[in-house]
Amino acid sequence: MTVMERARGIIRDAGHVVVLTGAGVSAESGVPTFRGTGGLWKEHRAEDLATPEAFVRDPRLVWEWYGWRRRVVSQCVPNAAHVALASAARVHDDFRIVTQNVDGLHSVAAADSPRAAPLELHGCLFRLRCTRCGKRRDDRGVIDATSRATLPACAACEGLERPDIVWFGEALEPAVIGEAVALASAADVCLVVGTSAVVHPAAGLADLTRRRGGHVIEVNITDTPLSGTAAVTLRGPAAVLVPELLSPDFPE
Ligand code: BV8
Ligand code: ZN
């Protein structure tokens, strides 16, 4: 039996499936990953810019980075992995997608089906939040980060707006991480796709499934801290392996 056949069997027999994705699921859509070769931007590390301290210190630089990422991501479309995951979530009510990504590509792939909509642990590049009154709004426009005065401002209170994204050192929305923990704890399978599994508390979700007697299946091009305890590790690109794993003969 091949590892793919073993993985397909585990998913076929599963009642509850939770999927945890990271930047690797979007790599073949052209979205730069964090810790791969494209992980740097103008010699800055993501960890240095994606923090509340960096935003207080230099909101213009942080918005320049996010403006660049929004421009890059707005040219990207869901790949075969996003599409296969959305299809499985559409037909199976106990197949939920939890993502660390802020690129919104799972949401685009699920566009017509609320059930296939992902739980976005770390927020979204295309949603802004007012730092003064907390008002949120969806926005796909161009960010003018040429000066502090041109940065996005709240229509309600004129407060400076920030990306509605969870930065390092910031807590995840309690309701969001609470739902993710509940899903992972109840899952028979946690399918982990394209994450280096170094960022917590997201990376800890797979262990919750395993500790409750569930199986972890990992899809990645390299080893990660989860590889040693996964029931099956599928080595290769997500856009190839995920559609094969969830192919049309996915269980009735
Ligand atoms: C918090 C938004 C506390 C930003 C992001 C233990 C417990 C709790 C916290 C911590 C802890 N240990 C450390 C911490 C602190 C920190 C943390 O985890 N640091 C790490 C770096 C050590 N965690 C936090 O700060 C979190 N907050 O804990 O708050 C708290 C509690 C109460 C009150 C106050 C505070 C917040 C974490 C959220 C940070 N924000 N994103 C932005 O995007 O701009 S995380 C960021 O990293 C992205 O969201 C990204 O998704 C995430 C994880 O990275 P990956 O997705 O895994 O991407 P990466 O590039 O690393 O890896 C890509 C993988 O894909 C690789 O494995 C590669 O091999 C693979 N791949 C590549 N191509 C393919 C592929 N696989 C398949 N196919 C391919 N083609
Ligand atoms: Zn406001």
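Use the structure listed above.
Residues numbered from 1 in each chain as written. Chains lettered and ligands numbered in written order. Predicted model: local features only at pLDDT ≥ 70, side-chain atom pairs only at ≥ 80, totals over all residues. Heavy atoms only, no water.

Details of the pattern of salt bridges
When charged atoms on two side chains of opposite charge get close, those side chains can pair. As a reminder of what qualifies: When a carboxyl oxygen of Asp or Glu lies within 4 Å of a side-chain nitrogen of Lys or Arg, that pair is called a salt bridge. Working definition: helices are DSSP H or I runs of at least four residues, strands are E runs of at least two. Numbering for both runs from the N terminus.
One pass over the full model with this rule turns up 17 salt bridges. Measuring nitrogen to oxygen at the nearest pair gives 3.0 Å for the salt bridge that ties glutamate 179 to arginine 96. One end of the pair, glutamate 179, is in helix H7 (residues 174-186); the other, arginine 96, is in strand S4 (residues 95-99), with 83 residues separating them in the sequence. One network of salt bridges, in which partners are shared, links Glu120, Arg127, Arg129, Arg136, Asp164 and Glu173.

What about the coordination of the zinc ion (ligand 2)?
The criterion, for reference: Here the coordinating atoms are restricted to nitrogen, oxygen and sulfur within 2.8 Å of the metal centre, or 3.2 Å for Na, K and Ca, and because water is not among them the sites may look incomplete. Donor angles set the geometry label: tetrahedral for four donors if every angle is between 85 and 135 degrees, square planar for four and octahedral for six if opposite donors exceed 155 degrees and the others are between 65 and 115, irregular for anything else. Relative accessibility under 20% of the residue-type maximum defines a buried residue, over 50% an exposed one, and the middle range a partly exposed one, all with a 1.4 Å probe and only protein chains included.
Coordination of the zinc ion (ligand 2) by the protein is provided by Cys130 (SG), Cys133 (SG), Cys154 (SG) and Cys157 (SG), with metal-donor distances spanning 2.2 to 2.4 Å. The coordination sphere of the zinc ion (ligand 2) comprises 4 donor atoms, whose angles at the metal cover 98 to 121°; the geometry is tetrahedral. In the primary sequence, the donor residues of the zinc ion (ligand 2) line up as C-x2-C-x20-C-x2-C. Of the two residues, cysteine 130 is situated in strand S6 (residues 123-130) and cysteine 157 in the loop between strand S7 (136-138) and strand S8 (161-165); the sequence distance between them amounts to 27 residues. A relative accessible area of 3% places cysteine 130 in the buried class.

Shape descriptors only; they carry no functional weight alone.
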